Amino acid sequence: RCLRKDPARRFQTMADLKVALEELKEESDSGKLVAGVPGRRKRVSYWLLFPALALLLAAVASVTWWLTRVPKPAPAPVLTRLTSDSGLSTDPALSPDGKLLAYASDRSGDGNLDIWVRQVAGGEPIRLTRDPADEYEPAFSPDGTQIVFRSEVEGGAIYVVSALGGPARRIIPEGRCPRFSPDGNWIAYWVGSGDTAALIAVRNRSRMYVAPSAGGAPRQLQPDFFAAAYPIWSPDGKYLLFLGHRDDTLPPEESVDWWVTPLEPGPPVRTGAFEATRREKLSGPVAYYSWALVPAAWEPAGDSLIFSARFGDSTNLWRIGISPRTWKVTGAPRRLTSGPTLEEKPAVASAPGAAARVAFAAVTENVDIWSLPVAANQGKVTGEPRQLTHDAAADFHPALSPDGSKMVFVSARTGSQEIWIKD
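Here we summarise the structure given alongside this text. Numbering of residues starts from 1 in every chain and runs along the sequence as written. Given that the model is predicted, a residue must reach a pLDDT of at least 70 before its local features are reported, and side-chain atom pairs must reach 80 or more before they are shown or counted; all residues, however, enter totals for whole chains, interfaces and linings. Where side-chain values are given, they derive from all heavy atoms of the structure, hydrogens and water being excluded.

Each strand in a sheet pairs with its neighbour through backbone hydrogen bonds, running either in the same direction (parallel) or in the opposite one (antiparallel). Strand order in the open sheet made by the four strands is 5-6-7-8, with antiparallel pairing throughout. Looking at which strands have only one partner, the edges of the open sheet turn out to be strand 5 (135-140) and strand 8 (169-173). When strand polarity is set aside, the average angle formed by the axes of neighbouring strands in this sheet is 30 degrees. Pairs of strands are assigned from DSSP output, requiring at least two bridges between the strands. Under the DSSP-based scheme used, a helix requires at least four consecutive residues in state H or I and a strand at least two consecutive residues in state E, with every element numbered from the N terminus. Taken together, the four bridges between strand 5 and strand 6 (residues 146-151) define a ladder with antiparallel strand orientation. Angular values range over 0 to 180 degrees, each being the angle between N-to-C directions of two axes fitted as lines to C-alpha atoms, with helices fitted over their stretch in contact.

Note on strand geometry: in a regular strand, side chains alternate between the two faces of the sheet. With five of six residues buried, strand 6 lies mostly within the body of the structure. Linking two consecutive strands that pair antiparallel, namely strand 5 and strand 6, is a turn of five residues; a positive phi of about 75 degrees is found at Gly144 within it. Taking the residues that link successive antiparallel strands as the turn, the strand 6-strand 7 (residues 157-162) hairpin has five residues, and the phi of Glu154 there is positive, at about 55 degrees. Burial here depends on accessible area, computed with a 1.4 Å probe over protein chains only, as a share of the maximum for the residue type. Under 20% is buried, over 50% is exposed, and the range in between is partly exposed.

Definition used in this section: a nonpolar core is a set of buried Ala, Val, Leu, Ile, Met, Phe, Trp, Tyr and Cys residues joined via side-chain atoms within 4.5 Å. In terms of nonpolar packing, the biggest core is built from 24 residues, with Leu241, Trp258, Trp298, Leu305, Phe307, Ile320 and Ile322 touching the most fellow members. Of all elements in the fold, only strand 13 (227-233), strand 14 (239-245), strand 15 (256-262), helix 6 (273-279), strand 18 (304-311) and strand 19 (314-322) reach the threshold of two or more residues within this core. Leaving out residues up to four positions away in the same chain, Leu305 has contacts with Ile232, Leu241, Trp258, Pro295, Ala297, Trp298, Trp318, Arg319 and Ile320. Counting 17 residues, the second largest nonpolar core, distinct from the first, contains Ala93, Leu113, Leu128 and Tyr159. Two residues qualify as a contact provided that any one of their heavy atoms is within 4.5 Å of a heavy atom in the partner residue.

Here we come to the pattern of salt bridges. Salt bridges, as used here, are contacts in which a Lys or Arg side-chain nitrogen is within 4 Å of a carboxyl oxygen on Asp or Glu. In the structure shown here, the tally under the stated rule is eleven salt bridges. Glu275 serves as the salt-bridge partner of Arg279, at 3.4 Å between the closest nitrogen and oxygen. Here Glu275 and Arg279 lie together in helix 6, a separation of four residues that amounts to about one turn. Judged by its relative accessible area of 55%, Arg279 falls in the exposed class. Under the relative-accessibility criterion, Glu275 is labelled partly exposed at 49%. Two residues, Arg413 and Asp395, come together in a salt bridge whose shortest N-O distance is 3.1 Å. Of the two residues, Arg413 sits in the loop between strand 28 (407-411) and strand 29 (418-422) while Asp395 sits in strand 27 (residues 395-400), which places them 18 residues apart along the sequence.

So, in structure tokens, the structure goes:
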């Protein structure tokens, strides 16, 4: 930086340095280099210049290397496949030390999702739940001994089970996406229909809470928000980042964002994540709720967040910086993965010193439009379902003409959402 301030003093090439050294030698030999009292001539020994010249040469070489060096590219991530079942395996969760993986899967063949746990290093998974209802969205306690999850038993609730197996215990009614606080004293969750569209459609349909993990009354956070969902703890456990819709009088793109709220009562801070992702043309991983980018996992350092987003026709993992001092986005989002599947729901090993691991689900998804014959006045199905669209991209939001001969629908088959018509 000092050399840039005075370009005239900068050596551009080694040839320039050679000329300067020759001029210095000539001045020394002719006695023009004077030290001491002005006006007195004193010959300086040429040999005394060698240490200074050596230092000068080393400095120039160092500056040249610094200005011309080629930065090393970031190492490519090493991907390891952890599950290979033919059914659905999703909602991964890593233990804080990164050694255990919990996830939801229908691998049992019973027709529903259960919670399973396995060693990341290998081995057969252990089945933790056996209820005929779906269980999913697992998360580890800070010490790795318990797993909290959502179950659809009796209309839905939050349960906790030992990571080694045993009976599950119901602790909170209704909640979704439960997460232990870093100190293990609280569980954050949200209540709602599970339909992301409700965030922009119905006031108070999506509400955010914290409850003592040992039992006790829950407390709603930011009740003045039109909708609040998907809370995740900051690494220090003093704040929660969430997907929120603050003001329903504004369009969703001006009100929906990632917000940060303190655990104690206090004003929320808008991160600006949605503006940053829109500049990069990122959208939500679900094509028909493209605005809904869901926060997923803090990195252990607490200055960046990993999430899933769609860019063009691919859905991958991305990282975005967020300042732990201002809670504002820093820099542009950067892509972490580039696989062809729907890569979503990342989980991070959070313990200090744990291996830098991110687990995620790689899912193949295809949304098509189907028809089902019914006797409407009797409320009875009269035949088998029939698939009407067969494109690999998502087709959704169908509407029929009054005579039932034509159908319009939205499709992303061209890479963007457009309206199509079909006989």
